[in-house]
Amino acid sequence: MSKITEKVEALAKPVVEEAGCELWDVEYVREAGSWYLRVFIDKEGGVSIEDCERISRKLDPILDENDPIPDSYVFEVGSAGAERELKRPSDFERYMGSEIEVKLYQPYQGKKSFVGSLDAYEDGNVTVSSVLLKKEQIAQVKLHVTI
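What this report covers is the structure whose coordinates are included nearby. (Residues numbered from 1 in each chain as written. Predicted model: local features only at pLDDT ≥ 70, side-chain atom pairs only at ≥ 80, totals over all residues. Heavy atoms only, no water.)

### Focus: the overall build of the chain
Part 1: Per the secondary structure count, the chain includes 3 helices and 8 strands.
Part 2: Order of helices (α) and strands (β) in the chain, N terminus to C terminus: α-β-β-α-β-α-β-β-β-β-β.
Part 3: Structurally, the chain occupies a C-alpha span of about 50 × 35 × 30 Å along its principal axes.
Part 4: Buried residues in the chain amount to 38% of all 147 residues.
Part 5: Residue pairs at least 24 apart in sequence account for 54% of intrachain contacts in the chain once pairs closer than 6 positions are excluded. (Helix = DSSP H or I, 4+ residues; strand = E, 2+ residues; numbered from the N terminus. Buried < 20%, exposed > 50% of the residue type's maximum accessible area, 1.4 Å probe, protein only. Contact = heavy atoms within 4.5 Å.)

Structural data, given as structure tokens:
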């Protein structure tokens, strides 16, 4: 499936950048019996519904023409969101020092979730508020927003 997301990313990136936004992520997942293709975007000052609509209208015919996905799917363009998932090393570099939440596969020190400052990132290992969590322990890392 990663090949599909890579193909879509290559098609979407120029469209997203032309619209003055940044391509954050591409997701192709099966939910409730249907396939979903989601393109997540970001922009300084925040993403508007108009940004999402403009990119969707421009990208949809490009996806139809290039046909990177053989099955039918639901296509969505949305904001990466305030509590966006961090996946790439560049994501971690960008948000070093920010408040994050790390969810684990199994409890560590009696907890399955750690919230705190992103202190370090190296080869998939994450240090959150002085606690080193190994890559193989980590299920998900995302920004944490306190309301």
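### Observations regarding the pattern of salt bridges
Part 1: Counted under the stated rule, the structure contains 14 salt bridges.
Part 2: In this structure, E27 and R38 form a salt bridge, with 3.0 Å as the shortest nitrogen-oxygen distance. Of the two residues, E27 sits in strand β1 (residues 22–31) while R38 sits in strand β2 (residues 34–42), which places them 11 residues apart along the sequence.
Part 3: Overall, the relative accessible area of 23% leaves E27 in the partly exposed class.
Part 4: A relative accessible area of 13% places R38 in the buried class.
Part 5: Between R88 and D91 there is a salt bridge whose closest N-O contact spans 3.1 Å.
Part 6: Take D91: its relative accessible area is 3%, and that puts it in the buried class. (Salt bridge = Lys/Arg side-chain N within 4 Å of Asp/Glu carboxyl O.)

### Some details on helix α2 (residues 49–66)
Part 1: An ideal rise of 1.5 Å per residue puts 26 Å on 18 residues; α2 measures up with 25 Å between its terminal C-alpha atoms.
Part 2: A bend of about 25° at L59 is the largest found in α2, and the proline P61 appears one to four places after it.
Part 3: Restricting attention to buried positions, one finds in α2 the residues D51, C52, I55, L59 and L63.
Part 4: The first or second residue beyond α2 is D67, which carries a positive phi of 50°. (Expected span 1.5 Å × (residues − 1). Bend = angle between axes of the 7 residues up to and from the residue.)

### Re the nonpolar core
Part 1: If you look at the biggest cluster of nonpolar residues, it comprises 22 residues, and the most contacted ones within it are V8, L37, V39, I41 and I55.
Part 2: Elements represented by at least two residues in this core include exactly α1 (2–18), β1, β2, α2 and β3 (74–79).
Part 3: Residue contributions to this core peak at 6 residues, all from α1.
Part 4: Each residue touching I55, except ones within four places of it in the same chain, is listed here: V15, V16, A19, C21, I41 and V77.
Part 5: The next biggest cluster of nonpolar side chains, apart from the first, holds 17 residues, and it includes W24, Y95, V102 and I138. (Core = buried A, V, L, I, M, F, W, Y, C linked by side-chain atoms within 4.5 Å.)

### Observations concerning the sheet that holds β2
Part 1: Reading across the sheet, the 3 strands line up as β1-β2-β3 and stay open at both edges, with mixed pairing between neighbours. Edge positions in the sheet fall to β1 and β3, since each has one partner strand and no second. Between one strand and the next, the sheet's axes are offset by a mean angle of 20°, whatever the strand orientation.
Part 2: When β1 meets β2, the two strands line up antiparallel, connected through 9 bridges. In the sheet register, V26 faces β2, and the bridge partner there is V39.
Part 3: Most of the contacts of α2 go to β3, to which it runs at about 145°, and overall it touches β2 and β3. (Pairing = 2+ DSSP bridges. Axes fitted to C-alpha atoms, helices over the stretch in contact; angles between N-to-C directions.)

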